[in-house]
Amino acid sequence: MAKNIRVIPRLDIKGPNLVKGIHLEGLRVLGKPEQFARYYYETGADELIYMDIVASLYNRNSLHDIISKTAREIFIPLTVGGGLRTVEDIRNVLKAGADKVSLNTAAIKNPQIIAEASRKFGSSTILISIEAIKQPDGRYLAYTDNGREYTGMEVLDWAKRVETLGAGEIMLTSVDREGTGKGYDIELTRMVADAVSMPVIACGGAGNVEHIGQVIAEGRADAVAVASILHYDFIGYNRGEVDKEDEGNIEFLESRRTFSKIKPVNLYDIKDHLHKNGFQCRYNINQEVVSGHTA
Amino acid sequence: MDTPHNRIQVAVIDYGMGNLFSVERACEHAGLNAVTTDDKSIIMNSEGVILPGAGAFGDAMDSLKRKDLISPIKDVVKEGKPLMAICLGMQLLMSESEEFGHHKGLNIIKGSVVRFPAKNREGEKIKVPQVGWNRIFQPSSEDRTCWNISPLKNIMSGEFMYFVHSYYTIPSDKRTVLSTTTYEETQFCSSILWRNVFACQYHPEKSAAEGIKMYKNWAWAIKSKQGQKLWKEN
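This one's a predicted model, so the numbers in the text were calculated from it and none came from an experiment. Residue numbers run consecutively from 1 along every chain, following the written order of its sequence. Written order decides the labels, with chains lettered from A and ligands numbered from 1. Restriction of local features to residues with pLDDT of at least 70 applies here, the model being predicted, together with a cutoff of 80 or more for giving and counting side-chain atom pairs; totals for whole chains, interfaces and linings are based on all residues.

Enquirer: Explanation requested: the overall build of chain B in the structure shown.
Expert: The helix and strand labels rest on DSSP assignments: H or I over at least four residues marks a helix, E over at least two residues marks a strand, and numbering proceeds from the N terminus. Counting its regular elements, chain B contains 8 helices and 13 strands. For 234 residues, the compact-globule estimate of 2.2 N^0.38 gives 17 Å, and the C-alpha radius of gyration of chain B, at 17 Å, lies within 12% of that figure. Projected onto its principal axes, the C-alpha positions of chain B cover 60 × 40 × 30 Å. Sequence separation of at least 24 residues holds for 71% of the intrachain contacts in chain B that already meet a minimum separation of 6. Both definitions apply: the radius of gyration is a C-alpha atom measure, and the globule rule equals 2.2 Å times residues to the power 0.38. Here contacts are defined at the residue level, using C-beta atoms placed from the backbone and a cut-off of 7 Å between them.

Enquirer: In this structure, what is going on with the overall build of chain A? I would like to understand it.
Expert: When its secondary structure is counted, chain A shows 12 helices and 12 strands. With C-beta atoms placed from the backbone, a residue is buried if 20 or more other C-beta atoms are within 10 Å of its own, exposed if 12 or fewer are, and partly exposed between those counts. Of all 295 residues assigned to chain A, the portion counted as buried reaches 52%. Considering only residue pairs separated by 6 or more positions, chain A has 68% of its internal contacts joining residues 24 or more positions apart.

Enquirer: Sorry, what's going on with helix α11 (residues 267-276) of chain A here?
Expert: An α-helix turns once per 3.6 residues; consequently, residues spaced three or four apart project the same way. Residues and elements named next belong to chain A. Leu267, Ile270, Lys271 and Leu274 are the residues of α11 that are buried. One side of α11 carries all its buried residues, which in axial view fall inside an arc of 90 degrees. Downstream of α11 by one or two residues, Gly278 has phi in the positive range, about 80 degrees. Taking the helix axis as origin, the arc is that swept by the directions to the C-beta atoms.

Enquirer: It is not clear to me how unusual backbone geometry should be interpreted in this structure. Could you clarify?
Expert: The phi angle of most residues is negative, glycine excepted, and most peptide bonds adopt the trans form. Residue and element names in this part refer to chain B. With an omega dihedral of 10 degrees, the bond running from Val128 to Pro129 counts as a cis peptide bond. Note on placement: Pro129 falls in the loop between β7 (111-115) and β8 (130-136). Non-glycine residue Asp68 carries a positive phi angle of around 55 degrees. By secondary structure assignment, the location of Asp68 is in the loop between α3 (57-66) and α4 (70-79). With 10 C-beta atoms counted inside 10 Å, the residue Asp68 sits in the exposed group.

Enquirer: Before we go on, may I ask you to explain the nonpolar core in this structure?
Expert: Residues A:Ile170, A:Leu172, A:Ile201, A:Val224 and B:Val197 are the most contacted members of the largest nonpolar core, which totals 165 residues. When residues of this core are assigned to their parent elements, the largest contribution, 7 residues, is made by helix α7 (residues 208-223) of chain B. Among all residues touching A:Val224, those that are not within four sequence positions of it are A:Ile5, A:Val7, A:Ile8, A:Ile201, A:Ala202, A:Ala206, A:Ile212, A:Val215 and A:Ile216. Note on terminology: a nonpolar core is a set of buried residues of type Ala, Val, Leu, Ile, Met, Phe, Trp, Tyr or Cys, with members joined through C-beta atoms within 7 Å.

Enquirer: So what exactly am I meant to see when it comes to the interface of chain B and chain A here?
Expert: For interface size, the figure often reported is the accessible area lost on association. Opposite the 32 residues of chain B that make contact, chain A presents 27 residues. When residues of the side of chain B that touches chain A are traced back to their parent elements, those giving at least two are α1 (21-29), β8, β9 (159-165), β11 (177-183) and α7 of chain B. Under the grouping applied here, Gly and all other residues not named as nonpolar or charged are polar, the nonpolar ones being Ala, Val, Leu, Ile, Met, Phe, Trp, Tyr, Cys and Pro and the charged ones Asp, Glu, Lys and Arg. Residues belonging to the side of chain B that touches chain A are distributed by class as follows: 14 nonpolar, 10 polar and 8 charged.

Enquirer: For this particular structure, what's the right way to read the environment of A:Thr43?
Expert: All names here are of chain A. Here Thr43 lies in the loop between α1 (33-42) and β4 (48-52). Owing to 18 C-beta atoms within 10 Å, Thr43 belongs among the partly exposed residues under this scheme. Residues Thr43 and Pro264, 221 residues apart in the sequence, show an inter-C-alpha distance of 15 Å. If sequence neighbours within four positions are ignored, Thr43 has contacts with Asn266, Leu267 and Tyr268.

Enquirer: Help me out: how do you make sense of the packing of helix α6 (residues 155-165) of chain A against helix α7 (residues 186-195) of chain A in this one?
Expert: Two measures define how a pair of helices packs: the angle their axes make with one another and the distance between the axes. Residues and elements named next belong to chain A. Every axis corresponds to a line fitted to the C-alpha atoms, with the helix fit spanning only the stretch in contact, and the corresponding angles, defined between N-to-C directions, vary from 0 to 180 degrees. α7 packs onto α6 with a crossing angle of 30 degrees between their chain directions and a minimal axis gap of 10 Å. Judged by the twist between their axes, the crossing of α6 over α7 is right-handed. Taking contact as the criterion, the partners of Val155, Leu156, Ala159 and Lys160 in α6 are, on α7, Met191, Val192 and Ala195. A class-by-class count of the residues in the contact of α6 with α7 yields 6 nonpolar, no polar and 1 charged. Left-handed is the label given to a crossing in which the near helix is rotated counterclockwise from the far helix by less than a right angle, and right-handed is the label when the rotation is clockwise.

Enquirer: Explain helix α5 (residues 112-121) of chain A here, please?
Expert: Residues and elements named next belong to chain A. Of all the residues in α5, the buried ones are Ile113, Ile114, Ala117 and Phe121. End-on view of α5: buried residues confined to an arc of 100 degrees, all on one side of the axis. Summarising the contacts, the buried residues of α5 are in contact with α3 (87-96), β6 (100-103), α4 (105-109), β7 (126-134) and α6. Taken from the residues just after α5, Gly122 is the one with a positive phi, measuring 95 degrees.

Enquirer: So what exactly am I meant to see when it comes to the pairing of β7(A) here?
Expert: Residues and elements named next belong to chain A. Burial within β7 is extensive, with 7 of its 9 residues counted as buried. By the convention used here, strands pair only if DSSP detects at least 2 bridges between them. Both β7 and strand β10 (residues 169-174) contribute to a ladder of 6 bridges, which runs parallel. Note that in β10 the partner of Ile130 across the bridge is Leu172. Connecting β7 to the antiparallel partner strand β8 (residues 140-144) that follows it, the hairpin turn spans 5 residues, and Gly138 within it adopts a positive phi of roughly 95 degrees.

Enquirer: Even after reading the chapter, I still don't get the pairing of strand β1 (residues 8-13) of chain B, so can you show me in this structure?
Expert: The side chains of a regular strand alternate, residue by residue, between the two faces of the sheet. All names here are of chain B. Two strands pair when backbone bridges link them, and β1 and strand β2 (residues 32-37) are joined in this way by 6 bridges, in the parallel orientation. Following the sheet pairing, Ile13 is matched in β2 by Thr37. For the crossover that starts at β1, traverses α1 and ends in the parallel β2, the hand is right-handed. Taken together, the 3 bridges between β1 and strand β3 (residues 48-51) define a ladder with parallel strand orientation. If you view a crossover with the strands going away from you and the path from the first strand over the helix to the second runs clockwise, you call it right-handed.

Enquirer: Just to check I follow, could you spell out the confidence of the model for chain B for this structure?
Expert: Close inspection of predicted coordinates is inappropriate in any region flagged by low pLDDT. When the pLDDT values of chain B are averaged, the result is 90; 93% of them are 70 or greater. On a range of 0 to 100, pLDDT expresses the predictor's confidence in each residue. When mean pLDDT is compared element by element in chain B, strand β4 (residues 83-86) of chain B scores highest at 98, while helix α8 (residues 227-230) of chain B scores lowest at 50.

Enquirer: Would you take a moment to explain the confidence of the model for chain A for this structure?
Expert: Counting all residues, the mean pLDDT for chain A is 88, and 85% of those residues have values of 70 or more. Ignoring residues within four places in sequence, the model shows residues 289-295 of chain A, a span with pLDDT below 50, making 5 contacts including any to other chains.

Here's what the structure looks like:
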């Protein structure tokens, strides 16, 4: 009996807004993160990830507000990342309502923070985000700051190291694929998933439901993070409100354009597709008979 | 009016293991006033007690000893106060654990704690910990009586709950097994009901609407003072 694959909407946050970029750059404002989170929760998201992607440059209070609002009404695991530097930062977002934290830069600068934080809050609370970029020679290197800062570290070495230090999960993002809709980096995901015994969340590149099945079957991902395909589906029929006085490019949202490579879907479609293709995942068992799912 | 003052107070035992905030929020949502504490008198004066926890079994027992919380927890059980033990909290109720050597548990429920195997029958590597959603089933031999008087009442057998764990419990008395779950071919006990004690390996506070229903059922059992009378006697 195979395990249940988790489908995890990833919400990139800048100030008060949900944003989406390509290769983690060129951010476009999509709406209020709480609205998207609520909708994803109600339609069967298995967890949520909030990434404060420009955290180091802006005030953190808006993020804490968004976390608290979300945590009051949403009872699935919420991971928060972006700009967390110290154990105190971790404690503060957990206190605001996060269930797990995602670390990248802080862990690379000071790997001992993984050991310290997993002792204090439990391994399962500490998720390590690895931003991978494929090099011309075929190697995958880990980057920080949304793929901008070179570390010289090999992804595979780093993944094994964070496991020994006590991390609970890895979120593995292909910066090359992120936001492009070209599909997950299967080679990268498989390389890491086969090498560690903790769960690996594949992130970056989902353009349609087939991509999700592919990274589970061939990439051996334990979970998938999805963003564009869900966000574009939501804004397709539900114009979210946007703080216009706040930072961000909203022209994209107003234009109602989308990318040819990205086929918007909702979580029901994703889960339905997974089920029909023999992947197990959580679904609404009250609808078992209606949709033809079997236990 | 439903203010914190007239809400029923439950103690969430704080012994430095894991993140308790989501437990507090779930209690709040279920109409309970959760007080996170390591103070014995607050624990004994609360109408229900939650033993949460994440992390290592040995560290947890050491911490309970250091904070002198072992006898208060045993007293809670003896007095018939509703106790909900979650995840590592459930494991601590057992007699012993094989986690990193061998450790004695609280010995409130006879049984042991063991780790998931590293490989399945085909010899393939299994991901441990189990992180994610899995289904809880009523043990096939049982009728629904226990289920229907437990915090699982009005939750369907086969419902999905959120798990994060490497170890699981094996209660000696199979009658205390309220639900079972299967992960990578291993069937294990995912909930226990024994007298005033309800224990679950999953996190109801992270298990969406069905998990919150469980907190509400538990809150109802406390409020109606039905808990200790209704729950299974073994």
